[in-house]
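Residue strings, one per chain:
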Amino acid sequence: MSGRSVGVLTIGQSPRTDVTPSIEAILENSVSIVESGGLDSLTHETVRSVEPDEFDTTYISRMRDGKSVKIGKTKLLPLLQAELSALEETVDIVLMLCTGDFPTLKAKKPIVYPDKILNHIVSALLPSGSLGLIIPLEEQRETLLSKWQQEELKIFAEVASPYEESDIAGAAIALREQGADLIVLDCMGYNEQHKSEAVKGSGLPVLLPRTLVARIIAEYIAE
């Protein structure tokens, strides 16, 4: 793997010191990580320009100083495309650090979208039954329920943000009580501790996107 490089593109600001250590722990030491963020060109004063309006899809991410920020997808996309185009000039593969969908982004290098991986893995693991989602924001509920809709699956969602103190275990318990067979922590902001709390609370299998996609990238770039 000598000389291989992975671009990590967040929809917030880089570096994502809360996420990249999890990825680095899975990738070989000889793999370099290059970070970029859709909001890297903005400040706390100008970030208001990407706040979601009433009709836009809302995302949540993290600023460089650790504060969370809500982002409107329509306003984010041109900023994200510019950062992606610059990033892929210096790396072998790009990881999108968001579980949202971005079908309009154009890339020359391979790009890993966690939502696509999660969708296919859930289909394989749970072709029928009940899927439980733990999501960051209440205003994301309808969009995410629609995104995850599959035949033969019942979808339930509970809100517990990864960016502030939240009852992850309580959300997982609520999903189990609704009949969930499998839980997905549907945001790259959730970490290993959040997964542990969800597993202990519910007794169910829990998928953590950041480590799942890191293992797939490790397999992809392995020589």
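Not measured: the values here are computed from a predicted model. (Residues numbered from 1 in each chain as written. Predicted model: local features only at pLDDT ≥ 70, side-chain atom pairs only at ≥ 80, totals over all residues. Heavy atoms only, no water.)

S.K.: For this particular structure, what's the right way to read the nonpolar core?
M.R.: Soluble globular proteins tend to bury their nonpolar side chains together. Among the nonpolar cores identified, the biggest contains 33 residues, and Val6, Val122, Leu131, Leu133, Trp148, Val184 and Ile217 are the most heavily contacted of them. Among the elements of the structure, β1 (5-10), β5 (93-97), α3 (114-125), β7 (129-135), α4 (141-148), β8 (153-159), β9 (182-185) and α7 (209-221) are those that each provide at least two residues to this core. If you tally residues by element for this core, the top one is α7, at six residues. If we ignore the near neighbours within four places in the chain, the residues touching Val122 are Pro127, Leu131, Trp148, Gln150, Leu153, Leu182, Val184 and Leu207. Formed by 22 residues, the second largest nonpolar core is a distinct cluster that contains Ile11, Leu77, Leu80 and Leu84. (Core = buried A, V, L, I, M, F, W, Y, C linked by side-chain atoms within 4.5 Å. Buried < 20%, exposed > 50% of the residue type's maximum accessible area, 1.4 Å probe, protein only. Helix = DSSP H or I, 4+ residues; strand = E, 2+ residues; numbered from the N terminus. Contact = heavy atoms within 4.5 Å.)

S.K.: Whenever I open this one, the environment of Glu152 confuses me. Can you help?
M.R.: Here Glu152 shows up in the loop between α4 and β8. Spatially, the C-alpha atom of Glu152 lies 4.7 Å from that of Ser128, the residues being 24 residues apart in sequence. Once you skip the residues sitting within four places of it in the chain, Glu152 turns out to touch Pro127, Ser128 and Gly129.

S.K.: Sorry if this is basic, but what is going on with the pattern of salt bridges here?
M.R.: Should the charged atoms of two oppositely charged side chains come close, the side chains can pair. For the coordinates displayed, the defined rule picks out nine salt bridges. Among the ionic pairs, Asp92 bridges to Arg4, the shortest N-O distance being 3.5 Å. On the criterion of sequence distance, the pair formed by Asp92 in the loop between α2 (73-87) and β5 and Arg4 in the segment before β1 is long-range, its members being 88 residues apart. Here Asp92 falls in the partly exposed class, since its relative accessible area comes to 29%. Between Arg16 and Asp18 there is a salt bridge whose closest N-O contact spans 2.9 Å. On the accessibility criterion, Arg16 (1% relative accessible area) is buried. (Salt bridge = Lys/Arg side-chain N within 4 Å of Asp/Glu carboxyl O.)

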